[in-house]
Structures are given as C-alpha cells and as structure tokens.
Amino acid sequence: MIRYLTTTAIVAVAMTSAASAQAEPARIRFDIRSSDTATALNGFARQAGVHLVFPYDAVVGRRVAALHGSFTRDEALRRLIAGQGLVIAEQTASMISLKVAPVEPPKETASTTGADIVVLGQGQSRQVQTVSAKAMEKTTAGSSPLRSLSRLPGVNFDSSDARGTYEAATQLSIRGFLTDQMGYTLDGVPLGNMQYRNNNGLSINRALLTENNGAATLSQGSGALGTASTSNIGGTVDFTSIDPTARFGVDLEASYGSANSWRTFVRLNSGDLPWGGRLALSYAHDRQGKWKGWGKQVQDQINAKYVQPLGDSVTSTTFLDLIDRREDDYNDTSLARLKTYGWDFDNIPTFALAEQLATITQNGGTPPAPYVNADDSVYQGGGVRRDLLAYEKLGYQLSPRLSGFTTGYIHLDKGIGTWADPYDPTPAAYGGSPISVSANRYDIDRKGILSRLTFKTGDHKIEGGVWYERNAFNQANYLYGLQAGVAPQEFQKFYTNPFRTTYSNQYTTDTVQLDISDTWQATDHLRLNAGVKGVVSTNHAHSIVSTKPIDGSIKAENWFLPTAGLLYTLDGHNELFADYTRNMAAFVASTSSGPFSSSSQAGFNYIRSDLKPEMTNTFEAGYRFHDRDLQLSLTGYYVKFNNRLLASSISATVVGNQNVLQNVGSVSSRGVETAANWRFAPHWSLYGSWAYNDATYDDNVQPLGGAVVATKGKQVVASPKNVGNAELNYDDGTLWGGVTAHYRSARYYSYLNDAVLPGAVNFNLSAGYRFSRLLDVQVNVMNLFDAHYIASTGTAGFVTSDPNGTYTTLQAAAPRQVFATVRAHF
C-alpha cells in the first residue's frame, strides 16, 4: 500500500513541478454596486462562480459599499462581509458557507442554524442541487448520504434497511435512470457505477465514514464536463469529505436502536501542526441487526485525511479509507410470497430445517408447514468486502490566472458473495451436506490519475482536464462444501478448497477522457458556457476456467460529447438557465452483465462488431428565485436515451440458444421538477419538492430469434411518474426537530407493465438537544407510521411479464425503527 501511495505522490509532484512557490492566488474582476448585503453577496457568488450559503436573517437591513476592481476571491469576500457580523464557516473550490460571527469564545458557542439544508443550484447553468453537511448530520447515525439526497426533486431512493446501507438492495431512480446509470465521485475520485457486485468501484458507504461527509451535489441531467465517470448518462452525484479542523479536538459518538443495532465512532483532529499540516483520523465500528429473519451487517472502517500546504501556492491532500464489511442478506420476495408468508418472512431459521428443505428440493416430496415450495427461502446469503481507497491530490496556483490540481488514486477490493445453495449438494468427501455454498469472488485493482487546469482571462474562464484509469477486475464462481448436520459457525467469510470451479474470468479496462470548456461572462447579466469531452474505454476479457470461455475485447469510443449552457440573471434574486449535454456509457466488463455475459465465444463474436454504447441527449431549462427567506426552482427537461442495451436469447440457427446483449431502441423522458425552501419564521423552515417524469420505451423489442415484445409506450421499470417530498424543520441552536414525508407513485417491475407496485408515502421523524458545544443527543424514528410497502425492486432483475406476481425480485421496506445517538466533542 505504501508503495502505491508513494508512486502516486511522485507522479503528482512531477506534473506540478512548474508551479511557482511565490505565485499569488487568481484575481477576479468584480463589479458590485452599493446595495443591501443579500443582493451584494448574491452578486459576488455569481461573479466568483461559486455556491454561497449565508443566513439571510442576519443581514436584514444591512448594506455594503460598492466593490469594483480585481481581487482574489477571498479578498473580495472579506471586504463585503467586513462589519456585517458574518464569518466563513466552510469553503471549498465551489462552495462557501457563511455563519453569524460568534459573540462568545468558540468553545462556548452553540451551533449556528442559518445554513440552508438544500442549495437550489444558484449560479449554475444546469439543474443541480447541493445537500449540506448539516442536513446529513441530522440523519440516523451511519446512514447512507444517498438517503439524504432523496429529498431532492425527482430522486427516489429505496433500501430494505432503515439506514440505506444494505448494498444488495440499495436503489436510486432519477428521471427513469437507475443506480448503475449514474456517475459517482468522492472529492473528484471516481467511485464507478455503485451497482451491487460492482466491477469498477465501491459504494459511498464503504468509501467514506458517514460522519465525514461534506456537502453532496446532485446533477440530475449530467455532471460537470470533467466528471470522472463512464456511467453518468442519467446524472452525477459528487460527494465530498470534510477537511481536518484548525483546532485540536476529539469527537465521540455512540448510537443504539432497533434490531439491536449499535454504532461507535471516534475522530481525532490534530489542529494546526508546527509544520503547518492538519490531520484527521477517524474510526467506526458498526453493527446493524436485520429487522426480519436472522443475521446482521457488521463493518469496521478507518478514514485518514491530511492537508499540508507546500509553500504559498501548492497544497497537498492525502486521503485513506480502509474497511472490512460483512453483511447477511435479506431474501428477495414476490407479491405472491408476501400474500402467502407475510412481510416478516425471510431466512430459514435452522440449519437442520434448511437441509431438510434442500433434500426435498433435490428429490421431491412435501415440505413442512408453513412452506408451500421447498425453495421459497434459503438458509443464508450475503457477502464480505475489504477495500482500500487512497488518493494524493496536489492543488496549485501556477500564476495569478492559472490554477489546477492533479490527483493520483488507487482502489483495491477483495470481495465474496455467498449463497446457501439447495440445488447442488456437497460431495461426501467435502462434508456431505445437501447444501453447498455458492460463492462469487471479486478482486478489483484500480489505479488512475486526474489533472485539471483553469485559466482566467478577462471575461473568460477556460478549463481543461484529463482522466486515465486502468482497472483489473477478476471474477469467479466456486462451490464450497458444508458438513452434514453441522450448522456453520461463520457463514460470511473467504472460503478455501472448493469442490467445483464454475468459472474464473479476468477483465481489464483502460479509460481515457479529455475535456475542454469555456465559460464567458458575456454581459453583466448573461453567462455562456460550452465545451466538449472525448472518451474511449477499452475492455479486454480472458477466461481462465469456463465451460464456455470468452476471450476478446470491445471498445466504447466517442470523441465528440458536447455541452452548452447559459445563465441569465434578471436581478439579484431571479435567474433563468438552459443547457444541453450529450453523454455516453462505456460497456461493463463482467461475467454477470455487459457484452461478456454472453453464454459463449460465438455469442460474443456475433454481437461485438455491431453493439453500440448507450447514449443520452439531455435538454433542460429552468427558473430560480433566491431572497432572504425563500428559494424556488422550476425545471423542465427532455432526455433521449438511445441504444438501450438488454440481454436476450438468440436463435439456435445462429450459434445455439445463447444469452446475448443487444440494442433495443430508445427511451424518452419528459418531465418537470420543482422545489422550494421557505424560512417562514425565526428558527422554522419548510422545504418541499415535486417531480413529474414521463419515461417510456419508444420501441417494441424483438429478441434475436424470438417474438416481438410490445414495450412501446410502456413506463420504464422501477421509475415512478411522481415523486414528492415535504420537510418541516425547527432549530433554535439548542433544540431542533424535523418531520419528513417522501412519496412515490406506482412503479412496475415488468416491461409490459402488468406487474405493478402501488404508490406509497413514508414519514420520518428526527429531534435533538444540544446541551452545549460539548454534548448533544439525537433521536430518529424511521417509517414513523409503520407502513407496509415495497422498497427496492429489480434486485434479481426485471421480467417481461408477471401478471400473477410470482417473480422474486422485490424487497420489503423496514418497519418503524427508532435510533438514539449521543455525541461528545472535546
């Protein structure tokens, strides 16, 4: 590991050796008239090209003098807020948060409450919102930040556990696109497509401790042009990690809740070290019990972040994440099984009963009550994941106008997914149980580098970047033996000595992305941006062990993926925006999905010359309003999703009855998204969002060698047409509380829309009390009214038709659960 980190640091230093140690920060031309403070600060944000969050209540009746001339961003902001009773609470390259200046020494000051929970994209030429770190702090301890994003317009997030961390049943739906059609980054480092059994990344829950989350930004249409992703045809989520603090401190947290779930967390901040660096070191142990069946999710995780200035113009940031996660599955269910067994039905309770049912499955017979079919449930399943994610980033100022950064990163993953297999008995020489362990093994070795430059001249800001990644992914399936009559003491582990190797395949993916863009402040009111990126992603496959080996390569390539946008500012409160983006998704290199999931070499050879990568063309336009008490956003969009890929079976006259991937037409998505954040009284705020999305298939599908499937005009699977949120919050600095409601309309899991899941609404409650800066407590109630509804769908894939509701691909939502958290800060 040290060797890898040293290598990336050396590469980054070499690329920035031309940086001048005495160069000054970039200067920006500001033209801000004398006005009320709120209008002036909004003008600063627009001209500096950043998100700016500040407490409107604190500047009511205040005014600032005019500011004209060239200043650094920090100089201009300091001049504007001088004497206004404001200080900088947090800042990144793209976002600044202000708070009321403390009137007491910092160690005695209560938390401020002015920051918005959501920033509705002010100053952006595309649909984008940012969820603040403050909002995520108030969720249940250890919750996925994806759950916090579900408050944003058009976002539907589901999971079968209350905190949204059970990876096998985590699902995000936005504008008709699902989890693996989005792009995800952490501090700019790519996290892959975050699908379960991931081949090119890891989930945000494994990449970063939830207590270390900074602001998270969602771009529903597409991310920034230089986003490091080959899956972001449906949007991008950019996560950030918080920086070490300037003062020494220790943070402690303990949480306990339903299903015997508990979590402990500790973070040490070094403060400013004698040589100018700052270090934050964090550790958490998490144990979440299952709410039905038996089992648990357990993980131990370490984060380290070190920031070191190197002279006046270069800053080094080093980040390390280590995690060991073990999770027991929730069994998939179906509508028919829910009617037969109820909502709490899950794992087989004992190993003896599991062996009895496996014998019946293999030899016939009548299962004991309450089982209708012997294979309606399994004994156990789950997985183990061990990850190392690290990056070294150098941010530098080459001249007053030229700045940039270079990041080298590495991700190593060792994983296994297990399942108690009732169909393949263990041979006598390996234990003789009628059950075996079917295990998928995964190994990921990703290394990459990102580098970007920004040049400001006059009214133009020119940006360009390069991203390269090489990913080696190994995937294999084995059968391991179990001892007859002996319940395994530890089911989730890395097994050895298989009695059968089903397959073992190796994949390598090389990705290169280049981009360049220009943002032009054409007038005081009009800002234009345009750019283009090019991507080439080449996949190679090699079969080591396989009854039907596949060897070969396939490439997704497009060197003209343009974007263009405009932002027109009517005044200090009102703005209009519009944008267009074209994007491409690379092919997935995996045995379980993508072109290499074909059943034979002949099947792969048949498709690879004609297969086209999926593409989207996204058009957006909208209006935003900001003032002291109110944020409003209204956006309309149209998305054309071309070259949709779907696995199907081809005719025996071609290569035999083989499973292959084929392009099956397009999808059209049209919709409207609206959101509002209103501070209607001191300490009170009301937030709401609503989205209507009409996502339908444009074509009927004819599997190669099969009959036509009439999907034209049908609603996209797993995608609700209506998604709404309402959120009422109170926070006076000592006592706080909030209630949220999330609604999703009906969804389908069959392509013919004959298998429908009814709409549902879910309420959550949170409250807390801050005794002082040193101690606070919090309570979260999830699914407040204990509603029964389906959470994730398609966990075992989607089906053409299921009118009787027998297809097992659903996950029931967790019932009402309560969690309490105590935090101490020293």
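These figures come from a predicted structure and were not determined experimentally.

### Description of the overall build of the protein
Regarding its fold elements, the protein presents nine helices and 44 strands. On C-alpha atoms alone, the protein measures out to a radius of gyration of 27 Å, which is about the 28 Å that the 2.2 N^0.38 rule sets for 826 residues. Principal-axis analysis of the C-alpha atoms gives the protein an extent of 85 × 60 × 55 Å. Separation between the mean location of the 70 positive side-chain charges and that of the 72 negative ones in the protein comes to 2 Å.

### Things to note about the side chain of Asn729
Tracing the backbone through its elements, the reader meets Asn729 in strand β36 (residues 722-731). Looking at Asn729, the relative accessible area reads 12%, which means it is buried. A distance of 3.3 Å separates a polar atom in the side chain of Asn729 from a polar atom in the side chain of Glu727.

### A short note on the environment of Asn617
Mapped onto the secondary structure, Asn617 falls in strand β30 (residues 615-626). By relative accessible area, Asn617 is classed as buried at 16%. Spatially, the C-alpha atoms of Asn617 and Asp158 are 27 Å apart, while their sequence positions differ by 459 residues. Polar contacts involving the side chain of Asn617 include one to the side chain of Tyr580, which spans 2.5 Å.

### Remarks on the pattern of salt bridges
Tallied over the full model, the rule gives 35 salt bridges. Between Arg206 and Asp413 there is a salt bridge, with its nearest N and O atoms 3.5 Å apart. In this pair, Arg206 is assigned in helix α6 (residues 204-207) and Asp413 in strand β23 (residues 402-421), connecting sequence segments 207 residues apart. Across the pair, exposure class does not vary: Arg206 and Asp413 are buried alike. Measuring nitrogen to oxygen at the nearest pair gives 3.9 Å for the salt bridge that ties Lys721 to Asp694.

### Quick look at helix α3 (residues 73-81)
Along an α-helix, residues three or four positions apart point the same way, because every turn accommodates 3.6 residues. Buried within α3 we find Arg73, Ala76, Leu77, Leu80 and Ile81. Along α3, the residues classed as buried sweep out an arc of 120 degrees about the axis, all on the same side. What points out from α3, more than 90 degrees from its buried face, is the exposed set Arg78 and Arg79. Where α3 is buried, its residues meet β1 (27-32), α2 (37-48), β4 (63-64), β5 (67-72), β6 (86-91) and β7 (95-100). Phi turns positive one or two residues past the end of α3, at Gly83, with a value near 75 degrees.

### So, the nonpolar core
Ranked by size, the top nonpolar core spans 36 residues in total, and within it Leu146, Tyr184, Leu186, Leu191, Ile204 and Phe239 carry the most contacts. When sequence neighbours within four positions are dropped, the list of residues in contact with Leu191 reads Tyr184, Thr185, Leu186, Asn200, Gly201, Leu202, Ile204, Ala207, Phe239, Leu389 and Arg446.

### Structural notes on the packing of α2 against α3
Two elements in contact, α2 and α3, have axes separated by 11 Å at closest approach and are oriented at 175 degrees. In terms of axis orientation, α2 runs roughly antiparallel to α3. Residues Ala40, Leu41, Phe44 and Ala48 of α2 touch α3, and the partners they reach there are Arg73, Ala76, Leu77, Leu80 and Ile81.

### Topic: empty space enclosed by the protein
Enumeration according to the criterion identifies 12 cavities of 30 Å³ or more in this entry. Considered as a void within the structure, the largest cavity measures approximately 600 Å³ in volume. Forming the boundary of the largest cavity are 36 residues, of which Arg147, Ser150, Thr740, Asn764 and Met782 lie nearest the centre. Every element with two or more residues in the lining of the largest cavity is listed here: α5 (145-149), β10 (155-158), β36, β37 (735-744), β40 (760-772) and β41 (775-782). Here the lining of the largest cavity takes six residues from β37, the largest share from any one element.

### With respect to helix α8 (residues 351-363)
Counted at 1.5 Å a residue, the expected span for α8 with its 13 residues is 18 Å, and the 18 Å between its end C-alpha atoms agrees. On its buried side, α8 packs onto β24 (432-457) and β25 (460-483). Phi for Gly364, located one or two positions after α8, is positive at around 90 degrees.

### Re the pairing of strand β18 (residues 261-269)
Only one face of β18 is buried, namely the one carrying Ser261, Arg263, Phe265, Arg267 and Asn269, since none of Trp262, Thr264, Val266 and Leu268 on the opposite face is buried. With nine bridges connecting them, strand β17 (residues 249-257) and β18 associate as antiparallel partners. If you follow Asp251 over to β18, its bridge partner there is Arg267. As consecutive antiparallel partners, β17 and β18 are separated by three residues, and within that stretch Ala259 has a phi angle of approximately 60 degrees, a positive value. Both β18 and strand β19 (residues 278-289) contribute to a ladder of eight bridges, which runs antiparallel. Residue pairing in the sheet places Arg263 in a bridge with Asp286 of β19.

### Considering the packing of aromatic side chains
In this structure the tally under the stated criterion is 30 aromatic pairs. Centre to centre, the rings of Tyr341 and Phe345 are 4.1 Å apart; their planes meet at 10 degrees, and the pair counts as stacked. Among the aromatic residues, ring-to-ring pairing joins Trp294, Phe351, Tyr379, Tyr478, Tyr480, Phe491 and Tyr495 into one connected group. In this structure, Lys393 packs its charged tip against the face of Phe405, placed 4.7 Å from the ring centre. For the cation-ring pair, Lys414 lies above Phe494, with the distance from its terminal atom to the ring centre recorded as 4.5 Å.

### Let's talk about the sheet that holds strand β14 (residues 189-190)
Reading across from one edge, β8-β9-β15-β16-β13-β14 is the order of the six strands in this open sheet, with mixed pairing throughout. A single partner strand is all that each edge strand has here, and the edge strands are β8 (118-119) and β14. When β8 meets strand β9 (residues 128-131), the two strands line up antiparallel, connected through two bridges. Residue pairing in the sheet places Val118 in a bridge with Val131 of β9.

### Remarks on the environment of Ala681
Mapping Ala681 onto the fold places it in strand β34 (residues 667-681). Residues Ala681 and Ala141, spaced 540 residues apart in sequence, show a C-alpha to C-alpha distance of 28 Å.

### What about unusual backbone geometry?
One can expect most non-glycine residues to show negative phi and most peptide bonds to be in trans. A cis amide bond links Ala369 to the next residue, Pro370, at an omega of 10 degrees. Looking at where Pro370 falls in the secondary structure, it is placed in the loop between α8 and β22 (381-397). The backbone phi angle of Met194 is positive, close to 55 degrees, even though this residue is not glycine. By the secondary structure assignment, Met194 is in the loop between β14 and α6. In this model, Ala259 sits at a positive phi of 60 degrees, which is unusual for a non-glycine residue. Take Ala259: it is sitting in the loop between β17 and β18.

### Describing a nonpolar patch on the surface
Taken together, the side chains of Phe248, Leu252, Val266, Leu268, Leu279, Leu281, Tyr283, Ile302 and Phe826 present a nonpolar region at the surface, about 780 Å² in accessible area. At the level of secondary structure, the elements contributing two or more residues to the nonpolar patch comprise β18 and β19. With three residues, β19 is the single largest residue contributor to the nonpolar patch. Its location among the elements puts Val266 in strand β18. When its relative accessible area of 33% is taken as the criterion, Val266 is described as partly exposed.

### Some words on the sheet that holds strand β11 (residues 171-174)
For sheets, the rule is that strands pair by backbone hydrogen bonds, running either parallel or antiparallel. One open sheet accounts for three strands, arranged β10-β11-β12; its pairing is antiparallel. Unpaired on one side and paired on the other, β10 and β12 (177-178) mark the two borders of the sheet. Of the strand pairs in this sheet, β10 and β11 are connected by four bridges, and their pairing is antiparallel. Residue pairing across strands places Asn156 opposite Ser173, the latter belonging to β11.

Rules and cut-offs
Residues numbered from 1 in each chain as written. Predicted model: local features only at pLDDT ≥ 70, side-chain atom pairs only at ≥ 80, totals over all residues. Heavy atoms only, no water. Helix = DSSP H or I, 4+ residues; strand = E, 2+ residues; numbered from the N terminus. Rg over C-alpha atoms; globule rule 2.2 N^0.38 Å. Lys, Arg positive; Asp, Glu negative; His and termini not counted. Charge placed at Lys NZ, Arg CZ, Asp CG, Glu CD. Buried < 20%, exposed > 50% of the residue type's maximum accessible area, 1.4 Å probe, protein only. Polar contact = N/O pair within 3.5 Å; in protein donor to acceptor, adjacent residues only side chain to side chain. Salt bridge = Lys/Arg side-chain N within 4 Å of Asp/Glu carboxyl O. Arc of directions from axis to C-beta. Contact = heavy atoms within 4.5 Å. Core = buried A, V, L, I, M, F, W, Y, C linked by side-chain atoms within 4.5 Å. Axes fitted to C-alpha atoms, helices over the stretch in contact; angles between N-to-C directions. Parallel < 35°, antiparallel > 145°, perpendicular 65-115°, else oblique. 1 Å grid on protein atoms, 1.4 Å probe; cavity = no way out; pocket = protein on both sides within 12 Å on 5 of 7 lines; lining within 4 Å. Points joined across faces, edges and corners; volume = space filled by probe spheres on them. Expected span 1.5 Å × (residues − 1). Pairing = 2+ DSSP bridges. Phe/Tyr/Trp six-rings, centres within 6.5 Å; stacked < 30°, edge-to-face > 60°. Lys NZ or Arg CZ within 6 Å of the ring centre and 35° of its normal. Patch = residues over 30% accessible without salt bridge, like charges linked within 9 Å, V, L, I, M, F, W, Y side chains within 5 Å. Areas by Shrake-Rupley, 256 points an atom, 1.4 Å probe, with all protein chains shown as cover.

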